[in-house]
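# Structural overview for review
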Amino acid sequence: MSTDALPGRTSPPRPSPRPWTSCRTGSLGGWSGYRLAQVHPHPHLVGPVAVPLTVSDLPLPRMNVAGAKQRLDLAGLPFVFFADDTTGRGNVLYHRYDGRYGPISPSG
(Lines give C-alpha, C1' and ligand atoms only; values in the text may rest on other atoms or scores of the structure.)
Protein backbone atom coordinates (compact mmCIF):
# COMPACT_ATOMS: atom_id res chain seq x y z
CA MET A 1 0.00 0.00 0.00
CA SER A 2 1.20 3.51 -0.65
CA THR A 3 1.41 5.92 2.28
CA ASP A 4 3.46 8.96 3.15
CA ALA A 5 6.00 7.81 5.75
CA LEU A 6 7.20 10.19 8.43
CA PRO A 7 10.99 10.55 8.46
CA GLY A 8 12.61 8.94 11.48
CA ARG A 9 9.47 7.18 12.70
CA THR A 10 10.32 3.68 13.84
CA SER A 11 7.03 2.65 15.43
CA PRO A 12 3.38 3.20 14.52
CA PRO A 13 1.67 6.25 16.03
CA ARG A 14 -0.18 5.55 19.27
CA PRO A 15 -3.96 5.78 19.01
CA SER A 16 -5.66 8.67 20.73
CA PRO A 17 -6.98 7.79 24.20
CA ARG A 18 -9.89 10.20 23.73
CA PRO A 19 -13.36 8.76 24.31
CA TRP A 20 -15.58 7.93 21.36
CA THR A 21 -19.25 7.26 20.78
CA SER A 22 -20.34 4.09 19.01
CA CYS A 23 -22.41 4.85 15.91
CA ARG A 24 -24.28 1.55 16.39
CA THR A 25 -25.12 1.63 20.10
CA GLY A 26 -24.59 5.28 21.03
CA SER A 27 -22.51 4.18 24.03
CA LEU A 28 -19.42 6.04 25.14
CA GLY A 29 -16.13 4.25 25.14
CA GLY A 30 -12.41 4.75 25.06
CA TRP A 31 -9.50 3.19 23.29
CA SER A 32 -9.57 -0.53 23.99
CA GLY A 33 -7.05 -1.75 21.42
CA TYR A 34 -6.84 -2.36 17.71
CA ARG A 35 -9.54 -3.85 15.48
CA LEU A 36 -8.47 -6.11 12.62
CA ALA A 37 -10.64 -6.39 9.53
CA GLN A 38 -9.75 -8.86 6.80
CA VAL A 39 -10.82 -9.06 3.15
CA HIS A 40 -11.46 -12.78 3.66
CA PRO A 41 -12.09 -13.19 7.41
CA HIS A 42 -10.20 -15.96 9.20
CA PRO A 43 -10.23 -14.76 12.84
CA HIS A 44 -9.05 -18.15 14.08
CA LEU A 45 -5.77 -17.80 12.12
CA VAL A 46 -4.58 -14.75 14.08
CA GLY A 47 -1.81 -15.78 16.46
CA PRO A 48 -0.64 -14.20 19.72
CA VAL A 49 -0.28 -10.41 19.67
CA ALA A 50 1.53 -7.87 21.86
CA VAL A 51 -1.28 -5.28 21.90
CA PRO A 52 -5.02 -5.48 22.66
CA LEU A 53 -6.66 -6.77 19.47
CA THR A 54 -10.13 -7.80 18.36
CA VAL A 55 -10.73 -9.50 15.01
CA SER A 56 -13.85 -8.98 12.94
CA ASP A 57 -15.51 -12.10 11.61
CA LEU A 58 -17.41 -10.08 8.99
CA PRO A 59 -16.11 -9.62 5.44
CA LEU A 60 -15.18 -6.14 4.27
CA PRO A 61 -17.89 -4.26 2.40
CA ARG A 62 -17.33 -4.51 -1.36
CA MET A 63 -17.64 -1.16 -3.12
CA ASN A 64 -15.88 1.25 -5.42
CA VAL A 65 -14.31 4.58 -4.46
CA ALA A 66 -17.57 6.45 -5.14
CA GLY A 67 -19.39 4.14 -2.72
CA ALA A 68 -16.67 4.62 -0.10
CA LYS A 69 -16.90 8.41 -0.49
CA GLN A 70 -20.66 8.24 -0.03
CA ARG A 71 -20.23 6.12 3.12
CA LEU A 72 -17.71 8.64 4.52
CA ASP A 73 -20.06 11.54 3.85
CA LEU A 74 -23.19 9.86 5.24
CA ALA A 75 -21.65 8.30 8.34
CA GLY A 76 -19.21 11.08 9.21
CA LEU A 77 -16.36 8.58 9.53
CA PRO A 78 -12.71 9.66 9.32
CA PHE A 79 -11.93 6.72 6.99
CA VAL A 80 -13.45 3.59 5.48
CA PHE A 81 -11.68 0.27 4.82
CA PHE A 82 -13.30 -1.66 1.99
CA ALA A 83 -12.70 -4.35 -0.62
CA ASP A 84 -12.58 -2.89 -4.12
CA ASP A 85 -15.46 -4.38 -6.09
CA THR A 86 -13.28 -4.79 -9.20
CA THR A 87 -10.07 -6.23 -7.74
CA GLY A 88 -11.32 -7.62 -4.41
CA ARG A 89 -8.28 -6.09 -2.66
CA GLY A 90 -8.40 -3.99 0.50
CA ASN A 91 -8.41 -0.19 0.14
CA VAL A 92 -8.79 2.80 2.44
CA LEU A 93 -10.39 6.14 1.69
CA TYR A 94 -9.92 8.90 4.26
CA HIS A 95 -10.71 12.58 4.84
CA ARG A 96 -7.58 14.67 4.36
CA TYR A 97 -6.73 17.69 6.49
CA ASP A 98 -7.61 19.99 3.56
CA GLY A 99 -11.14 18.54 3.17
CA ARG A 100 -10.33 16.38 0.16
CA TYR A 101 -10.23 12.59 0.06
CA GLY A 102 -7.10 10.49 0.23
CA PRO A 103 -7.00 6.97 -1.20
CA ILE A 104 -4.65 4.25 0.01
CA SER A 105 -4.56 1.25 -2.29
CA PRO A 106 -2.28 -1.74 -2.81
CA SER A 107 0.50 -1.31 -5.32
CA GLY A 108 0.75 -3.50 -8.38
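The preceding data block contains the structure.
Cut-off values and rules
Residues numbered from 1 in each chain as written. Predicted model: local features only at pLDDT ≥ 70, side-chain atom pairs only at ≥ 80, totals over all residues. Heavy atoms only, no water. Pairing = 2+ DSSP bridges. Helix = DSSP H or I, 4+ residues; strand = E, 2+ residues; numbered from the N terminus. Contact = heavy atoms within 4.5 Å. Axes fitted to C-alpha atoms, helices over the stretch in contact; angles between N-to-C directions. Right-handed = clockwise from strand over helix to strand, strands pointing away. Buried < 20%, exposed > 50% of the residue type's maximum accessible area, 1.4 Å probe, protein only. Salt bridge = Lys/Arg side-chain N within 4 Å of Asp/Glu carboxyl O.

A word on the sheet that holds strand S5 (residues 62-63). Taken in spatial order, the 4 strands of this open sheet run S5-S6-S7-S8, and their pairing is mixed. Each of the sheet's edge strands pairs with one partner strand only, and the pair in question is S5 and strand S8 (101-104). Note that strand S7 (residues 90-95) and S8 share 4 bridges and pair antiparallel. Residue pairing across strands places Val-92 opposite Ile-104, the latter belonging to S8. Its contacts with the sheet put helix H1 (residues 65-75) on S5, strand S6 (79-84), S7 and S8, and the angle it makes with S7 is roughly 45°.

Turning to the pairing of S6, a few remarks are in order. In this structure, S5 lies alongside S6, joined through 2 bridges in parallel fashion. Across the sheet, residue Arg-62 finds its bridge partner in S6, namely Ala-83. Each parallel crossover has a hand, and for S5 linked through H1 to S6 it is right-handed. Strand direction decides the pairing type here: S6 and S7, joined by 5 bridges, are antiparallel. What sits directly across from Phe-79, in S7, is Tyr-94.

Time to look at the environment of Gly-33. Along the chain, the position of Gly-33 falls in the loop between strand S2 (28-29) and strand S3 (34-36). A residue is classified by how much of its surface remains accessible, and Gly-33, at 18% relative accessible area, is buried.

A few words now on the pairing of S8. Only one face of S8 is covered, namely the one carrying Gly-102 and Ile-104; the face carrying Tyr-101 and Pro-103 has none of its residues buried. A loop of 5 residues connects S7 with S8, the two strands running antiparallel in sequence, and Gly-99 in this loop sits at a positive phi of about 90°.

Moving on, we get to the pattern of salt bridges. Under the criterion given, the structure shown has 2 salt bridges. Put simply, Lys-69 and Asp-73 hold a salt bridge, and the shortest N to O gap is 3.4 Å. Here Lys-69 and its partner Asp-73 are both found in helix H1, 4 residues apart, which amounts to about one turn of the helix. Here Asp-73 falls in the partly exposed class, since its relative accessible area comes to 41%. The shortest N-O distance in the salt bridge between Asp-98 and Arg-96 comes to 2.6 Å. Here Asp-98 falls in the partly exposed class, since its relative accessible area comes to 36%.

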